[in-house]
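# Inside the fold
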Amino acid sequence: MLTDYELTFPSGSLITGQLLQKMYEYPKNLINYIFADYSEGVISGLNVSYVDQKLILSTGIYKHNSSLYILEKDEILCENICFEGKRWYVVLKDSDSDTESPDKDCDSNKDCQWKQDNIVVRKLEIEIKEDEKLPKDNFLLFSFKNEPKFPRSGDDIKKDAYILDYKHACRGTEPTFMPQLFHLVYRKLLSKEERHPFDYVIMGEICTKGVIPCELMRAYISYLPNHIPTSELRGKALMDQFWDALSVLKSNNLNITPTKNISFTEREESMLI
């Protein structure tokens, strides 16, 4: 049975505990159901910027262990740090892993919880660490070397210094790459003279969703003549192979007449520029 709830508050009536509970549960469950089919990672926001020697993470939502965590205000992760010569990791960490509280209720299979005023609070602290082996209780958000910056061209994707391992949530079980990388992919395909039919699939996905799943990237690579097995490709290796495949895969791979360039609307292009 499918249900919908319409809560009413007649004049002079009392607000019961059951009504308050339903006011809390219904919107929370609704949002969780909407993102139930998404992998872990950034659902929205959490954009990274580096301004005036301040590394800033904007407000947003992150999915972890099937729960949605909200960063309610922009957070300065660090400032006035010399990043030169080292790899740095921005990680999420259970807030209670190094502290104790008489009100703490921890489960070995769940994030630690704080109880206060009948509210259970689960937190993931955001920390930045120098080049080192990360503890198992840390969850990598992204890393960079020398300076936190995103790739601006295809040549940047090949380099190890840029932010490439930023986890973005995607439908399925596997997180994908950040939207900034797929903006570069879209522009590369837009300038391509002989597009493969699969190119339009990729462009359509990026135009409507901003990202594409890793499985679709592997499928694209598999269209290449004499392609390497893609099942084990992960992370930067997957992006490197996918980026190279964008240039190699053309309409003549199928022995068909080159497809004419599709003219995208100004609105579609503005979404990606």
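Keep in mind the model is a prediction, meaning the values are calculated, not measured. For every chain, the first residue of its written sequence is number 1, and the numbers climb from 1 along that sequence. Side-chain atom pairs in this predicted model are given and counted only at pLDDT of 80 or more, local residue features only at pLDDT of at least 70, and totals for whole chains, interfaces and linings cover all residues. No hydrogens and no water enter the side-chain calculation; it runs on all heavy atoms of the structure.

With that settled, the discussion passes to the sheet that holds strand 1 (residues 41-45). Taken together, 3 strands build an open sheet; the order of strands is 1-4-5 and the sheet is antiparallel. Two strands lie at the open edges of the sheet, namely strand 1 and strand 5 (67-71), each paired on one side alone. On average, adjacent strands in this sheet sit at an angle of 25 degrees to one another, irrespective of strand direction. Pairing of strand 1 with strand 4 (residues 60-64), which is carried by 4 bridges, proceeds in the antiparallel orientation. Within strand 4, the residue paired with serine 44 across the bridge is isoleucine 61. Pairing between strands is defined by DSSP: at least two bridges between the two strands are required. Helix and strand definitions here come from DSSP, where helices need a minimum of 4 consecutive H or I residues and strands a minimum of 2 consecutive E residues; each element is numbered from the N-terminal end. Every axis in this analysis is a line fitted to C-alpha atoms, fitted for helices over the stretch in contact. Angles between the N-to-C directions lie between 0 and 180 degrees.

Read from one edge to the other, the open sheet built from 3 strands follows the order 2-3-6, with strand pairing classed as antiparallel. Here the strands that pair on one side only, and so sit at the sheet edges, are strand 2 (48-51) and strand 6 (75-79). Here the average twist between neighbouring strands, direction ignored, is 25 degrees. With 4 bridges joining them, strand 3 (residues 54-57) and strand 6 adopt antiparallel strand pairing. Pairing of leucine 55 across the sheet is with cysteine 78, part of strand 6.

Here we take up helix 4 (residues 197-209). In a regular helix each residue adds 1.5 Å, so 13 residues correspond to 18 Å; helix 4 covers 19 Å between its end C-alpha atoms and thus fits that length. Relative accessibility thresholds used throughout: buried, under 20% of the residue-type maximum; exposed, over 50%; partly exposed, between the two (1.4 Å probe, protein chains only). Taken together, the buried positions of helix 4 are occupied by Phe198, Asp199, Tyr200, Ile202, Met203, Ile206 and Cys207. Two residues or fewer past helix 4, glycine 210 is found with a positive phi of approximately 85 degrees. One fewer than the residue count of a helix, multiplied by 1.5 Å, yields its expected span.

Here we come to the confidence of the model for the protein chain. Parts of the prediction with low pLDDT should not have their coordinates interpreted in detail. Across the protein chain, pLDDT averages 77, with 77% of residues at or above 70. Overall, residues 106-112 carries pLDDT values under 50, and its contacts beyond four positions in sequence, including any with other chains, amount to 11 contacts. Confidence of the predictor at the level of single residues is captured by pLDDT, which takes values from 0 to 100. Residues count as neighbours in contact if any of their non-hydrogen atoms are within 4.5 Å of one another. The low-confidence segment residues 255-264 (pLDDT under 50) makes 19 contacts with residues lying over four places distant or belonging to another chain.

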